[in-house]
Amino acid sequence: MGDFDQDTLVAMLADTSEAPGAVAAVQYHGLVSLLDGLPPTVSDIAELSGLSPDEVEDGTRALIDAGRIELDGDRVVGVGGLTLNTTGHALSLPNAQMHTWCALDAVGIPAALGLTATVETRCPHCGARIVVHVADGGATAAGPVTLFCPTGPCDNVRTDFCSAANLFCSPIHVSDWRAEHPSRSGEDLDLAATVDLGHAMWGRYQHARDEAETSG
Ligand SMILES: [Zn+2]
């Protein structure tokens, strides 16, 4: 991975430790509810988190400004990378067909949460169909699939990061794509490195889920 700074990227995209409690609560309860197939409302999240509806509203507004949430009316339909809307990255879970904002989300979320999943996407350079199988916290694919992981400025996660965080059929096609998009800065990550980054970004959700299950 060269001098790729995983910690900085995780802090930029995922770390809510310095964010108000409401932002973290909307992200966590939103994502877990979506995985259960239930797009939650603000009042659902208030009930789940114990925060007031006003606090949850404030957290939701902050996430809208940062491009980290999708709403349909008063329901959260996309958050933390997972979405009920159709995108170029399909995520098949045992009980649900979902999509994600980018290829890192599609591989990283099920890997970090220990879910069995199939990811389908397309190489942005040649259009080849790419299938990744996720199980037991790891991922496999038929060829040398490679993630272009953007490292440029990120004011809005969905437009600045997710729009270019794609899986390619090979490192060669990442290089070819880079030559055509010289303004994009980023790192090439092989599938194992993509999975590692996913664990670093979403592992805290698995931890929180384990604790919730332990405490009943
Ligand atoms: Zn390709």
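Data block above holds the structure.
What this report covers is the structure whose coordinates are included nearby. (Residues numbered from 1 in each chain as written. Predicted model: local features only at pLDDT ≥ 70, side-chain atom pairs only at ≥ 80, totals over all residues. Heavy atoms only, no water.)

Focus on the coordination of the zinc ion
Step number 1: Coordination sphere of the zinc ion, protein contribution only: Cys123 (SG), Cys126 (SG), Cys169 (SG) and His173 (ND1), at 2.1 to 2.3 Å.
Step number 2: Seen from the zinc ion, its four donor atoms lie at angles of 90 to 121°, and the figure they make is tetrahedral.
Step number 3: Taken in chain order, the donor set of the zinc ion reads C-x2-C-x42-C-x3-H. Pair noted here: Cys126 is in the loop between strand 6 (117-122) and strand 7 (129-135) and Cys169 is in the loop between strand 10 (167-168) and helix 7 (171-180), with a separation of 43 residues, a long-range link.
Step number 4: Of the residues examined, Cys169 reaches a relative accessible area of 21% and is grouped as partly exposed. (Donors = N, O, S within 2.8 Å, 3.2 Å for Na, K, Ca; no water. Tetrahedral: all angles 85-135°; square planar, octahedral: opposite > 155°, others 65-115°. Helix = DSSP H or I, 4+ residues; strand = E, 2+ residues; numbered from the N terminus. Buried < 20%, exposed > 50% of the residue type's maximum accessible area, 1.4 Å probe, protein only.)

A word on the packing of helix 2 (residues 21-35) against helix 3 (residues 42-49)
Helix packing geometry: the angle between the two helix axes and the distance between the axes.
Step number 1: Between helix 2 and helix 3, whose axes approach to 10 Å, the crossing angle comes to 105°. Taken together, the axes of helix 2 and helix 3 lie roughly perpendicular to each other. Contacts from Ala25, Val26, His29, Gly30 and Ser33 in helix 2 reach Ile45, Leu48 and Ser49 in helix 3.
Step number 2: Of the residues belonging to the contact of helix 2 with helix 3, the class tally is four nonpolar, four polar and no charged. (Axes fitted to C-alpha atoms, helices over the stretch in contact; angles between N-to-C directions. Parallel < 35°, antiparallel > 145°, perpendicular 65-115°, else oblique. Contact = heavy atoms within 4.5 Å. Nonpolar A, V, L, I, M, F, W, Y, C, P; charged D, E, K, R; others polar.)

Here's the deal with the packing of aromatic side chains
Step number 1: Going through the model one piece at a time under the given rule, you end up with two aromatic pairs.
Step number 2: Ring pairing ties together the aromatic residues Phe148, Phe168 and Trp177, which thus form one cluster.
Step number 3: Its guanidinium or amino end placed over the ring of Trp101, Arg158 lies 5.2 Å from that ring's centre, counting from NZ or CZ. (Phe/Tyr/Trp six-rings, centres within 6.5 Å; stacked < 30°, edge-to-face > 60°. Lys NZ or Arg CZ within 6 Å of the ring centre and 35° of its normal.)

Focus: helix 2
Step number 1: For helix 2, with 15 residues, the first-to-last C-alpha span of 21 Å sits near the 21 Å given by 1.5 Å per residue.
Step number 2: A large share of helix 2 lies buried, amounting to 13 of its 15 residues.
Step number 3: Downstream of helix 2 by one or two residues, Gly37 has phi in the positive range, about 80°. (Expected span 1.5 Å × (residues − 1).)

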